[in-house]
Amino acid sequence: MHQFGSWIFLCLLAVIFPLLNFSAVAEMATCSGIVPMRYRNDKISITDFGGVGDGWTLNTKAFRAAIYRIEHLKRRGGTLLYIPPGVFLTGSFNLTSRMTLYLAKGAVIKATQDTTFWPLVAALPSYGRGRERPGGRYMSFIHGDGLHDVIITGENGTIDGQGDVWWNMWRQRTLQFTRPNLVEFMNSRSIIISNVIFKNSPFWNIHPVYCSNVVIRYITILAPADSPNTDGIDPDSSSYVCIEDSYISTGDDLVAIKSGWDEYGIAYGRPSHDITIRRVTGSSPFAGIAVGSETSGGVENVLAEHISLFNMGVGIHLKTNIGRGGFIRNITVSNVYMENVRKGIKIAGDVGDHPDDKFNPNALPVVKDVTFKNVWGEMVQQPGLIRGLKNSPFTGICLWNIHLHGAMGPRSSPWKCSDVRGASVQVSPWPCSELTSTHQMRECSVPF
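On a predicted model such as this, the values are computed, not experimentally measured, just so you know.

A. Region of the structure containing unusual backbone geometry. Cis rather than trans, the peptide bond between Gly-292 and Ser-293 has omega equal to 10°. Looking at where Ser-293 falls in the secondary structure, it is placed in the loop between β21 (272-291) and β22 (299-319). In this chain, Ser-428 is followed by Pro-429 through a cis amide linkage whose omega measures -5°. Within the secondary structure layout, Pro-429 lies in the segment after β27 (420-428).

As structure tokens, then:
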């Protein structure tokens, strides 16, 4: 209840805070039209297949039977699977194309904590192995591969991963394979996720990988601040992704755009591109909006705007490393408010581990054409750190109208920069010398 109350307070604060100057036009702007909402005439209920919402009956067979029916009868326009109020315990299951998973108000789909009900699947080819452990990985709680026209929505029902058993295995170092995501779509297109609460994911919450045309909006994602690696939304080697109007409070990055890991991501060669993140509010001990650190396929054409961040480790974090290769380019972050943050803006070329010792240390990432504009922060311990690579400096970095105010006292520290070229306009506190040279003002000569 306390966490829900905090969510309401932060959402209200984000809307009314005058310094953000949200115009009516900005509030109405949306990218959600890339995937139109579909309404299904054919409707079935999980109870038609023996589903029992008592919180302890295992419903894995009911979910699989219902989805089998949708897949094989192929009703024109697809089918809606209705989850009524109640707590439906289940093992992991696969979705199918042309379906809507609809959670009524008071409906909870809860993951079993018996790990024997979680099958193993192959490692992602762009990662070469499980992200945490060599070999395969546990299948996500709700999974889809090679699908199209899939909707997860409802009346703010809940998908609960009951992740604490997995978090404890990670803490105790007893994991045999990489933990499961809460929801993962692979090789899929035309996906909508809206009006659902996601909580307590074992690992990353929502992971579209090798996907296109994905809309995620009006959702809430919750996990304890100390839950390990519970990223909110991680678009991965995916394109045309729209993330809007959501609240995220987790133990890791709220949104992190990825595209593969070192030599495996370079070989797979699928970038993430054309991604919009708009009107997202949240808190985390890690980053609010992140790119990386797995960016070996490249990340480009990203817009993040009207973002409100509270009690954060890093406000905006672009991260990569030697051996990653790839690129991070054409990134725009604007209209951000942050409060009680350790570091406001960070761009770094020394973040993240490697899958094995086969990475190429000469595969250097390219980071260029990154713009931050209209960013305001209160109680920010350090305004920014931009640390490029000696043999691959970060270029085209623009800071425009950035005001990151520190807490009173000796804990505040100045900007720090190295191996970076760019410019700044109306920035306080005054940034590092690498970003203040007048002959580099062309870096900020873009229309706003």
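B. Highlighting the state of the cysteines. Applying the stated criterion to the full structure yields 2 disulfides. With a sulfur-sulfur separation of 2.0 Å, Cys-31 is cross-linked through a disulfide to Cys-242. Around the S-S axis, the bridge from Cys-31 to Cys-242 shows a dihedral of about 80° and counts as right-handed. With a gap of 211 residues between them, Cys-31 in the loop between α2 (24-28) and β1 (42-45) and Cys-242 in strand β19 (residues 239-249) connect regions that are remote in the sequence. Classification of Cys-31 by relative accessible area gives buried; the value is 13%. Across the disulfide from Cys-417 sits Cys-432; the S-S distance is 1.6 Å. Of this pair, Cys-417 sits in strand β26 (residues 416-418) while Cys-432 sits in the segment after β27; the two residues are 15 residues apart in sequence, bridging distant segments of the chain.

C. Just the nonpolar core, in detail. Counting 88 residues, the largest nonpolar core has Leu-81 and Leu-95 as the members making the most contacts within it. Among all residues touching Leu-95, those that are not within four sequence positions of it are Ile-67, Leu-101, Ile-142, His-143, Leu-147, Val-150, Ile-152 and Phe-185. Counting 8 residues, the second largest nonpolar core, distinct from the first, contains Leu-124, Tyr-127, Met-186 and Trp-204.

D. Structural view of the sheet that holds strand β10 (residues 142-145). Reading across the sheet, the 4 strands line up as β5-β10-β13-β16 and stay open at both edges, with parallel pairing between neighbours. The open sheet terminates on both sides in strands that have one partner only, identified here as β5 (93-94) and β16 (206-209). One ladder, built from 2 bridges, connects β5 with β10; its direction is parallel. Its bridge partner lying in β10, Asn-94 is registered against His-143.

E. Representation of helix α3 (residues 60-73) within the structure. Here α3 contains 14 residues, and its C-alpha end-to-end distance of 20 Å stays within 8% of the 20 Å for a straight helix at 1.5 Å per residue. Positive backbone phi, at 50°, marks Lys-74, one or two positions downstream of α3.

F. Region of interest: helix α4 (residues 164-172). Turning to α4, its buried residues are Trp-166, Trp-167 and Met-169. End-on view of α4: buried residues confined to an arc of 160°, all on one side of the axis. Against β9 (137-138) lie the buried residues of α4. Phi turns positive, to about 60°, at Arg-173, one or two residues after α4.

G. Expanded view of the side chain of Thr-320. Relative to the elements of secondary structure, Thr-320 occurs in the loop between β22 and β23 (327-348). With relative accessibility at 1%, the residue Thr-320 sits in the buried group. Within polar-contact distance, the side chain of Thr-320 engages the side chain of Thr-295 at 3.4 Å. Every residue in contact with Thr-320, bar those within four places of it in the chain, is listed here: Ser-293, Thr-295, Ile-328, Ala-348, Gly-349, Asp-350, Val-351, Pro-365, Val-367 and Phe-394.

H. A look at the environment of Ile-83. On the secondary structure map, Ile-83 appears in strand β3 (residues 79-83). Classification of Ile-83 as buried rests on a relative accessible area of 0%. C-alpha separation for the pair Ile-83 and Lys-105, spaced 22 residues apart in sequence, amounts to 9.2 Å.

I. Main features of the pattern of salt bridges. For the structure on display, the rule yields 18 salt bridges. For Lys-319, the salt bridge goes to Asp-253, with nearest N and O atoms at 2.7 Å. One end of the pair, Lys-319, is in strand β22; the other, Asp-253, is in the loop between β19 and β20 (255-257), and 66 residues separate them in sequence. Judged by relative accessible area, which is 11%, Lys-319 ranks as buried. Residue classification places Asp-253 among the buried residues on the basis of a relative accessible area of 2%. Across the pair Arg-278 and Glu-305 runs a salt bridge whose closest N-O atoms are separated by 2.7 Å. Of the two residues, Arg-278 is situated in strand β21 and Glu-305 in strand β22; the sequence distance between them amounts to 27 residues. Under the relative-accessibility criterion, Arg-278 is labelled buried at 8%. A cluster of three or more residues bridged by salt bridges with shared partners is formed by Arg-217, Glu-244, Asp-245, Arg-278, Arg-279 and Glu-305.

Criteria and cut-off values
Residues numbered from 1 in each chain as written. Predicted model: local features only at pLDDT ≥ 70, side-chain atom pairs only at ≥ 80, totals over all residues. Heavy atoms only, no water. Helix = DSSP H or I, 4+ residues; strand = E, 2+ residues; numbered from the N terminus. Disulfide = S-S within 2.5 Å. Buried < 20%, exposed > 50% of the residue type's maximum accessible area, 1.4 Å probe, protein only. Core = buried A, V, L, I, M, F, W, Y, C linked by side-chain atoms within 4.5 Å. Contact = heavy atoms within 4.5 Å. Pairing = 2+ DSSP bridges. Expected span 1.5 Å × (residues − 1). Arc of directions from axis to C-beta. Polar contact = N/O pair within 3.5 Å; in protein donor to acceptor, adjacent residues only side chain to side chain. Salt bridge = Lys/Arg side-chain N within 4 Å of Asp/Glu carboxyl O.

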